[in-house]
Structure formats: C-alpha cells, structure tokens
Amino acid sequence: MDETRVTVRCRDCSLAATHDALRDARVALNDHESTTGHAVDWIIESLDSGVSQAGADAGVCGRPERANEDSPLVRPPASETDS
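Since we're looking at a predicted model, the values are computed, not measured. (Residues numbered from 1 in each chain as written. Predicted model: local features only at pLDDT ≥ 70, side-chain atom pairs only at ≥ 80, totals over all residues. Heavy atoms only, no water.)

Asks: Quick rundown of a nonpolar patch on the surface? Include the residues and the values.
Replies: A contiguous nonpolar patch, built from L22, W42, I44 and V51 and spanning about 300 Å² of accessible area, is present on the exposed surface. Summarising the element assignment, V51 is placed in helix α2 (residues 49-58). V51 sits in the partly exposed class, given a relative accessible area of 35%. (Patch = residues over 30% accessible without salt bridge, like charges linked within 9 Å, V, L, I, M, F, W, Y side chains within 5 Å. Areas by Shrake-Rupley, 256 points an atom, 1.4 Å probe, with all protein chains shown as cover. Salt bridge = Lys/Arg side-chain N within 4 Å of Asp/Glu carboxyl O. Helix = DSSP H or I, 4+ residues; strand = E, 2+ residues; numbered from the N terminus. Buried < 20%, exposed > 50% of the residue type's maximum accessible area, 1.4 Å probe, protein only.)

Asks: Describe the pairing of strand β2 (residues 16-19), naming the residues involved and giving the relevant values.
Replies: As paired strands, strand β1 (residues 5-10) and β2 are joined by four bridges and run antiparallel to one another. By the bridge assignment, V8 is partnered in β2 with A17. The hairpin turn running from β1 into β2, its antiparallel successor, is five residues long. (Pairing = 2+ DSSP bridges.)

Asks: Outline the sheet that holds strand β3 (residues 40-46), listing residues and values.
Replies: Across the sheet, which stays open at both edges, the three strands sit in the order β2-β1-β3 with antiparallel pairing between neighbours. The outermost strands of the open sheet, each flanked by one partner alone, are β2 and β3. The average undirected angle you get between the axes of adjacent strands in this sheet is 20°. Strand contacts of helix α1 (residues 22-36): β1, β2 and β3, with the helix running at about 170° to β3, the strand carrying the most contacts. (Axes fitted to C-alpha atoms, helices over the stretch in contact; angles between N-to-C directions. Contact = heavy atoms within 4.5 Å.)

Asks: Give a description of the side chain of T7 that names residues and reports values.
Replies: The topology assignment puts T7 in strand β1. At 2.3 Å, the side chain of T7 and the side chain of E45 are in polar contact. Those residues in contact with T7, other than ones at most four positions away along the chain, are A17, T18, D41, W42, I43 and E45. (Polar contact = N/O pair within 3.5 Å; in protein donor to acceptor, adjacent residues only side chain to side chain.)

Asks: Before we move on, can you summarise the environment of D48 with the specific residues and values?
Replies: Positionally, D48 belongs in the loop between β3 and α2. Spatially, the C-alpha atom of D48 lies 4.5 Å from that of E3, the residues being 45 residues apart in sequence.

Asks: Lay out the side chain of H19 in plain terms, naming residues and giving numbers.
Replies: By the element assignment, H19 lies in strand β2. Among all residues touching H19, those that are not within four sequence positions of it are T4, R5, V6, V8, D24, A25 and A28.

Spelled out as structure tokens, the structure:
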C-alpha cells in the first residue's frame, strides 16, 4: 500500500515539515498561518492508493461526464433515487 506524504513549507520563514496524513498537514498549515500570518504552501507528494482512486473516480471537478460510473463513490442522478 502506498502512503500519504505531504510537505508544508512557509514562504515567509524556515518552517518546513513533512506529514503522513492530509489532515495533519492541513492542521499544521492552518496553525502556522493563523499564529504568524505567514503564507504557507503544501505539496502533496504521494497519496494512499485508496485516496488516489477516490480522486480518479470523482472525475474532473466532479463533472459527471468525467467520473467513473462504476465507483461506489458516484451517486446516481436524483431521478434514479427518487423512486
């Protein structure tokens, strides 16, 4: 199984950290920005294979014509669920 790896780097100071979870990276980014006012970037270097597959299944910006119709993550159109 692949692992998630995210690097958080501040543009205004020497902060640079690598995290093994998107959530942890986002928390670090938010904490640093809110306490210092600095601009922080993050780079997603790798993701767990399940997260990558979910992103691929979601398609491009959620556009239905670009989604994987066979994915359990794709909701059927409302007309199919209303019956």
